[in-house]
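Here's the letter readout for the chains.
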Amino acid sequence: MNSALRGDYTLNNSDTLTLIQVTDAHLMSEKGGRLLNVDTDDSLAAVLDLVMDHPGTPDALLITGDIAGDGASAAYERMALALGVIHAPSFWLPGNHDDCDASKIDHEHFIRTATNPHWLIVMLDSQQPDAVGGHLVATELDALSQAVDRANQEGKHLLIALHHPSQPVGCDWLDPQRIANSAAFELEVQRCRQQVVVISGHVHQESDQVIGDIRYLTTPSTCIQFAPNQVNFKVDDQAPGYRWLRLSPSGEVETGVERVIDREFPVDLNSGGYL
Ligand SMILES: [Fe+2]
């Protein structure tokens, strides 16, 4: 499987970077399509309205997978259109619900790395065919290894973005879906001599943990949320949102989550799951 991720982007800011993570939009084949009763185009638009109110201009948006809910090409076109309201480049990577058929996806967004003088961002594809859970194939581990080498050589801090988390977040039903070969991932990441932050989607909930000097973050979906600390699938009534990150030249990471507060998106709370 060839990765859709390629190319290197130079960010035009040598000071503190402001990044916005937008994840798990689950846009359906038709505009206005719903996931557990939530119109995912509408909730994405509400989140992007909130992003537009974020102080300052973001240097980039990171779209961390499950852009489409069912892999429809129209979903990627509508994501590009929706992001057009924000004047910043957006970098996309695939999740388990995405279909990376080259004919369907606008490849200009699927970049591998982005840099400024102090930070290297590497995007990884943790998708595996016909599976919900994550895995890094050899080419993705190679890309990570090269990014760690480059960050070490250039004295840069490293931000790794991928759809599936590598660490458990505390939900028994979701945690087995994290990267199956997370030990190989961790071995690479631990070679990094500067600061490392890892951002993921997939779990539709906020988490923030530091394990062995590495910061692991997950982020609410732009549509439905999963309740934290659950044994079985459970939807939460929290609002959709996004994560912001401020990455300083010295490697400090400030981050937080913002949620839509002026709209309600009634979700089917009694759902037993979805595929
Ligand atoms: Fe996912």
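Notes on the structure follow. (Residues numbered from 1 in each chain as written. Predicted model: local features only at pLDDT ≥ 70, side-chain atom pairs only at ≥ 80, totals over all residues.)

## A closer look at the nonpolar core
- Judged by nonpolar contacts, the single largest core of 74 residues is most densely connected at Val122 and Leu158.
- Sort the elements by how many residues they give to this core and helix H1 (residues 40-52) lands first, with six residues.
- Those residues in contact with Leu158, other than ones at most four positions away along the chain, are Leu120, Val122, Ala147, Val148, Ala151, Cys192, Gln194 and Val196. (Core = buried A, V, L, I, M, F, W, Y, C linked by C-beta atoms within 7 Å. Buried ≥ 20, exposed ≤ 12 C-beta atoms within 10 Å, placed from the backbone. Helix = DSSP H or I, 4+ residues; strand = E, 2+ residues; numbered from the N terminus. Contact = placed C-beta atoms within 7 Å.)

## Details of the sheet that holds strand S2 (residues 17-22)
- One open sheet holds the five strands; their spatial order is S6-S5-S2-S15-S16, and the pairing between them is mixed. Two strands lie at the open edges of the sheet, namely strand S6 (90-93) and strand S16 (253-259), each paired on one side alone. The sheet shows a mean angle of 20 degrees between the axes of neighbouring strands, direction not considered.
- Note that strand S15 (residues 241-247) and S16 share seven bridges and pair antiparallel. Pairing of Leu245 across the sheet is with Thr255, part of S16.
- Seen against the sheet, H1 touches S2, S15 and S16 and runs at an angle of roughly 30 degrees to S15. (Pairing = 2+ DSSP bridges. Axes fitted to C-alpha atoms, helices over the stretch in contact; angles between N-to-C directions.)

## A short note on unusual backbone geometry
- Even without glycine at this site, Leu36 takes up a positive phi of about 45 degrees.
- Positionally, Leu36 belongs in the loop between strand S3 (34-35) and strand S4 (38-39).
- Backbone geometry places Asp213, a non-glycine residue, at a positive phi of 75 degrees.

## Brief notes about helix H3 (residues 138-154)
- In this model H3 runs 24 Å from its N-terminal to its C-terminal C-alpha over 17 residues, within 8% of the 24 Å that 1.5 Å per residue would give.
- All of the buried residues in H3 are Glu140, Ala143, Leu144, Ala147, Val148 and Ala151. The arc enclosing the buried residues of H3, seen along the axis, measures out at 135 degrees, which places them on a common side. Relative to its buried face, H3 has exposed residues pointing more than 90 degrees away, namely Ala138 and Gln153. (Expected span 1.5 Å × (residues − 1). Arc of directions from axis to C-beta.)

What is shown is where atoms sit, not what they do.
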